[in-house]
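# Per-entry structural report
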Amino acid sequence: MSISLRSLILLPIWISMAHIQQGGPDEKEKTTALKDLLSRIDLDELMKKDEPPLDFPDTLEGFEYAFNEKGQLRHIKTGEPFVFNYREDLHRWNQKRYEALGEIITKYVYELLEKDCNLKKISIPVDASESEPKSFIFMSEDALTNPQKLMVLIHGSGVVRAGQWARRLIINEDLDSGTQIPFIKRAMDEGYGVIVLNPNENYIEVEKPKIHVQSSSDSSDEPAEKRERKDKVSKETKKRRDFYEKYRNPQREKEMMQLYIRENGSPEEHAVYVWDHFIAQSAAENVFFVAHSYGGLAFVELMIQREADVKSKVTAVALTDSVHNVWHQEAGKTIREWMRENIVSITLQNCCNWVSSSEPLDTSVESMLPDCPRVSAGTDRHELTSWKSFPSIFKFFTEASEAKTSSLKPTLTRRSHRIKHEEL
């Protein structure tokens, strides 16, 4: 906003303050109110009164965008990438437009998980009543019956939902880098069952009911003069509040309230719930986790809550720029040791964290904590770490699975040789 425009906006208020300050004591209250108003006004927010309505399309076609054969979001008519600044000097409106498109992207990815990846959408809690809030996860047909391998995918925090790594990448780059679909398809091709968690779907939003406050004039016990004075103060307060609100929220968006989903009210709760009701019940001998950003913290919390079960069932964990902290989360010594120790006495760990770094992919990165080994994801962009480490993660899981299988064979072979020697 230019200086001249700012001055024009504030000039009437400054003039009013100058006139008021020349008045008597009664005017001091008005001066205080105006000063309070000035302190509350965000000059950029002040311009909201000129915003177009926050009324956006509910389909990709309505936005005039579509994904091309490379999975890139492009304008249907121009072929250009998505433009954030659709309207100049209307950042808030542009942000709301971006968020509206993001909600459509979320539904689009859900459709891809079901139609393109052949995953099933499973409602949770599993025993939810008809009326209570619900969430859902996605699973392959053989997720609970596959006897060999199960892969579990956990995204990070924020606006992302099941099947996504980063909304920004989906909109500005492509579906491969921004979604979990490449992981799901390759996992299924290599014989894994798959479970896709949805840790950010913690509540549903409903419109907040309007509360009608009984007018003080209904209090017949009060003297008429006192009642009139209170009513006058109440009206002045409401008038001042409406004046502030006119600038703070000119679009008058609906006030919403959150109804949390039972046993899934946070990413950590969600991870434990899916473990107890699905992963722990699966037939897979080897369970593998891929957890990005806050998903890594959710996994560590799962280990804290279900340490023995996780250790007995999980073969390897791939973290991508995880934000977990074993000290702040108060992970016990045995958990810290498991996260950094080798699988069956070879140079392969139970856990590895591919972190954002300018070093080449898989280059060792020093860690200050007694934690799982850290290697470079081959990118310094946090949101790209899962996609860039994609081939290394599958190699890591294959080697971990082979190491676990082969670890039993030498023991059996040595025992059989000992028996034959004793017989001789």
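Remember, it's a predicted structure, so these values are computed and weren't measured experimentally.

Looking now at the overall build of the chain. A tally of regular secondary structure across the chain gives 16 helices and 13 strands. When the 424 residues of the chain are sorted by exposure, 43% land in the buried category. Taking the intrachain contacts of the chain between residues at least 6 apart in sequence as the baseline, contacts between residues at least 24 apart amount to 70%.

So, on to the pattern of salt bridges. On inspection of all chains with the given rule, the structure shows 14 salt bridges. In this structure, the salt-bridge partner of R167 is E103, at a minimum N-O distance of 3.4 Å. Here the residue R167 occupies a position in helix 6 (residues 167-172), and E103 occupies one in helix 5 (residues 91-115), the gap between them amounting to 64 residues. A salt bridge links E383 to R381; the nearest nitrogen and oxygen atoms lie 3.1 Å apart. Under the relative-accessibility criterion, E383 is labelled buried at 14%. Judged by its relative accessible area of 30%, R381 falls in the partly exposed class. Residues joined by salt bridges that share partners form a network here, namely D127, E132, R262 and E263.

Below, the discussion takes up the side chain of N198. Within the secondary structure, N198 is located in the loop between strand 6 (192-196) and strand 7 (203-207). Residue N198 is classed as buried on the basis of its relative accessible area of 0%.

Attention now moves to the confidence of the model for the chain. Should pLDDT be low for a region, the predicted coordinates there are not to be read in detail. This prediction gives the chain a mean pLDDT of 83; 75% of its residues lie at or above 70. This model gives residues 1-6 a pLDDT under 50, and the stretch forms 8 contacts once residues within four places in sequence are excluded. In this model residues 410-424 is a low-confidence stretch, pLDDT under 50, and it forms 0 contacts with partners more than four residues away in sequence or in other chains.

On to the side chain of S282. Take S282: it is sitting in the loop between helix 10 (267-279) and strand 9 (286-292). Looking at S282, its side chain comes within polar contact range of the main-chain oxygen of I279, at 2.7 Å. With residues near it in sequence (within four places) discarded, S282 still touches A143, L144, L150 and K313.

Moving on to the sheet that holds strand 4 (residues 135-139). The sheet built from 9 strands is open, its strands ordered 3-4-6-5-9-10-11-13-12 with mixed pairing. The sheet is open, and its two borders are formed by strand 3 (120-124) and strand 12 (364-365), each paired with just one other strand. Where strand 5 (residues 149-154) lies against strand 9, 6 bridges are found, and the strand directions are parallel. Looking across to strand 9, one finds that V152 is bridged to F289. Each of strand 5, strand 9 and strand 10 (314-320) touches helix 11 (residues 294-305); the most contacted strand, strand 9, lies at about 135 degrees to it.

Turning to its location among the elements, I76 is positioned in the loop between strand 2 (73-75) and helix 5. Along the backbone, I76 and E64 are 12 residues apart, and their C-alpha atoms lie at a distance of 5.4 Å. Every residue in contact with I76, bar those within four places of it in the chain, is listed here: E61, E64, Y65 and A66.

With that settled, the discussion passes to the packing of helix 10 against helix 11. Following both chains from N to C, one finds helix 10 and helix 11 inclined at 55 degrees, their axes separated by 9 Å at the closest point. Overall, the two elements helix 10 and helix 11 adopt an arrangement that is oblique. The handedness of the crossing between helix 10 and helix 11 is right-handed. For the pair helix 10 and helix 11, contact is made by P267, E268, A271, V272 and W275 and by Y294, L297, A298, E301, L302 and Q305, respectively.

The calculated volume of the largest pocket comes to roughly 1100 Å³. Around the largest pocket sit 34 residues that line it, and E99, A100, E103, I104 and K107 are the ones nearest its centre. A per-element tally of the lining of the largest pocket places helix 5 first, with 10 residues. Within the lining of the largest pocket, the residues separate by chemical class into 16 nonpolar, 4 polar and 14 charged. Domain assignment of the residues forming the lining of the largest pocket places at least three in each of domain 1 (54-117) and domain 2 (120-204 + 261-407).

On the surface, I204, M257 and L259 cluster together into a nonpolar patch covering about 200 Å² of accessible area. Among the secondary structure elements, I204 is positioned in strand 7. I204 gets classed as partly exposed once you look at its relative accessible area, which sits at 30%.

A word on the pairing of strand 5. Where burial is concerned, most of strand 5 is hidden: 6 out of the 6 residues are buried. Covered by surrounding structure in strand 5 are K149, M151 and L153 together with L150, V152 and I154, the residues of both alternating faces.

On to unusual backbone geometry. What is expected of a backbone is that most residues other than glycine have negative phi and most peptide bonds are trans. P125 follows I124 through a cis peptide bond whose omega is -5 degrees. On the secondary structure map, P125 appears in the loop between strand 3 and strand 4. For E64, which is not glycine, the phi torsion reads 65 degrees and is therefore positive. Relative to the assigned elements, E64 resides in the loop between helix 4 (60-63) and strand 1 (65-67). Although it is not a glycine, D321 adopts a positive phi angle of roughly 50 degrees. Checked against the element boundaries, D321 lands in the loop between strand 10 and helix 13 (333-340). Judged by relative accessible area, which is 12%, D321 ranks as buried.

The rules we used
Residues numbered from 1 in each chain as written. Predicted model: local features only at pLDDT ≥ 70, side-chain atom pairs only at ≥ 80, totals over all residues. Heavy atoms only, no water. Helix = DSSP H or I, 4+ residues; strand = E, 2+ residues; numbered from the N terminus. Buried < 20%, exposed > 50% of the residue type's maximum accessible area, 1.4 Å probe, protein only. Contact = heavy atoms within 4.5 Å. Salt bridge = Lys/Arg side-chain N within 4 Å of Asp/Glu carboxyl O. pLDDT = per-residue confidence, 0-100. Polar contact = N/O pair within 3.5 Å; in protein donor to acceptor, adjacent residues only side chain to side chain. Pairing = 2+ DSSP bridges. Axes fitted to C-alpha atoms, helices over the stretch in contact; angles between N-to-C directions. Parallel < 35°, antiparallel > 145°, perpendicular 65-115°, else oblique. Left-handed = near helix turned anticlockwise from the far one by under 90°. 1 Å grid on protein atoms, 1.4 Å probe; cavity = no way out; pocket = protein on both sides within 12 Å on 5 of 7 lines; lining within 4 Å. Points joined across faces, edges and corners; volume = space filled by probe spheres on them. Nonpolar A, V, L, I, M, F, W, Y, C, P; charged D, E, K, R; others polar. Domains from an automatic or database assignment. Patch = residues over 30% accessible without salt bridge, like charges linked within 9 Å, V, L, I, M, F, W, Y side chains within 5 Å. Areas by Shrake-Rupley, 256 points an atom, 1.4 Å probe, with all protein chains shown as cover.

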